Amino acid sequence: MSLVSAKKHLGQHFLTDKNIASKIVDSLKYQGRYTTVLEVGPGMGVLSDFLLQKEGLNTHLIDIDTESYHFLKKKYPQLGDRLINDDFLEMDFDKVSTEPFGIIGNFPYNISSQILFKVLDNRDRVVEVVGMFQKEVAERCAVKPGSKEYGILSVFLQAYYQVEYLFTVKAGVFNPPPKVLSAVIRLTRNETKALDCDEKLFWQVVKAGFNQRRKTLRNAVSSLINKEKMTDEPMLDLRAERLSVADFVVLTNKISAAR
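Residues numbered from 1 in each chain as written. Predicted model: local features only at pLDDT ≥ 70, side-chain atom pairs only at ≥ 80, totals over all residues. Heavy atoms only, no water.

**Brief notes about the pattern of salt bridges**
Inference 1: For the coordinates displayed, the defined rule picks out 14 salt bridges.
Inference 2: A salt bridge links lysine 54 to aspartate 26; the nearest nitrogen and oxygen atoms lie 2.7 Å apart. In this pair, lysine 54 is assigned in the loop between α2 (46–51) and β3 (58–62) and aspartate 26 in helix α1 (residues 18–26), connecting sequence segments 28 residues apart.
Inference 3: A relative accessible area of 43% means that aspartate 26 is categorised as partly exposed.
Inference 4: A salt bridge links glutamate 136 to arginine 140, with the shortest nitrogen-to-oxygen separation between them at 3.2 Å. Taken together, the residues span about one helical turn, with glutamate 136 and arginine 140 both in helix α5 (residues 135–142) at a distance of four residues.
Inference 5: Among the residues examined, glutamate 136 registers a relative accessible area of 47% and is labelled partly exposed. (Salt bridge = Lys/Arg side-chain N within 4 Å of Asp/Glu carboxyl O. Helix = DSSP H or I, 4+ residues; strand = E, 2+ residues; numbered from the N terminus. Buried < 20%, exposed > 50% of the residue type's maximum accessible area, 1.4 Å probe, protein only.)

**Quick notes on the UniProt feature "binding site: S-adenosyl-L-methionine" (unreviewed entry) in the chain**
Inference 1: Annotation from UniProt places "binding site: S-adenosyl-L-methionine" (unreviewed entry) at His13, Leu15, Gly41, Asp63, Asp87 and Asn106.
Inference 2: Mapping histidine 13 onto the fold places it in the segment before β1 (14–15).
Inference 3: Residues within four places of histidine 13 in sequence aside, it is in contact with Asn106, Phe174, Asn175, Pro176, Pro177 and Pro178.
Inference 4: Inspection of the secondary structure assignment puts leucine 15 in strand β1.
Inference 5: The buried category is assigned to leucine 15, whose relative accessible area is 6%. (UniProt positions renumbered as here; feature names shortened; annotations may be inferred. Contact = heavy atoms within 4.5 Å.)

Structure, rendered in structure tokens:
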């Protein structure tokens with residue numbers, strides 16, 4: 001079979017190191033938790049080769065690239081309709097499973113944040129994610145409060161997932177090599193079914209706080225608060241990067257009560 005050409009507009013950088021591919025797949029902790037996994041952007045199947053060797057794991061592949069799809073269709077004829085030619089960001093997860101499932105992939109860096117927000121939108125279905133991201137994005141997902149890297153994505157992910165930075169990956173193991181370092185992280189769904197606050201307001205407070213992150217929260221979220229009733233709230237004198245998920249929940253409840 002002829003090889004698939006990497007397409008810049010799709011952000012494709014094919015992993016070529018089989019040892020790293022095996023390490024990524026072995027990072028899935030699916031036993032007893034779920035039986036179906038969806039690989040996003042399999043390319044030529046370097047991760048898929050190892051996924052399909054896993055006993056008790058029902059593997060689906062999705063790739064928006066028609067060339068990759070036809071390559072994989074010849075390589076894995078046994079997959080049938082478990083090989084999907086579609087846009088992950090637009091797909092209906094019922095095509096994969098009506099039960100909880102995992103996601104894995106060497107994710108295109110140009111849509112990595114969109115992929116993570118898709119996961120968040122389906123957090124009650126997606127119980128684990130193991131994926132390759134640009135190192136900067138991976139660090140942002142896992143970083144704790146107080147860092148300049150800590151932001152909207154950090155708070156939203158850590159509200160519903162345990163985020164682990166697993167290992168760094170050098171550019172030379174990709175074809176073509178990216179201009180940045182990469183990293184693999186694991187998201188594991190936590191026990192939080194719903195936040196102990198108005199979740200819609202929580203998202204508004206977090207977004208407003210970080211959209212003007214150089215300002216104190218009193219100024220950044222001024223449009224959301226009753227200023228007269230919250231003049232003495234000490235959390236409002238901090239910047240958003242100082243607050244943990246739990247702090248944002250507390251602040252959201254205080255804002256809600258003061259309305």
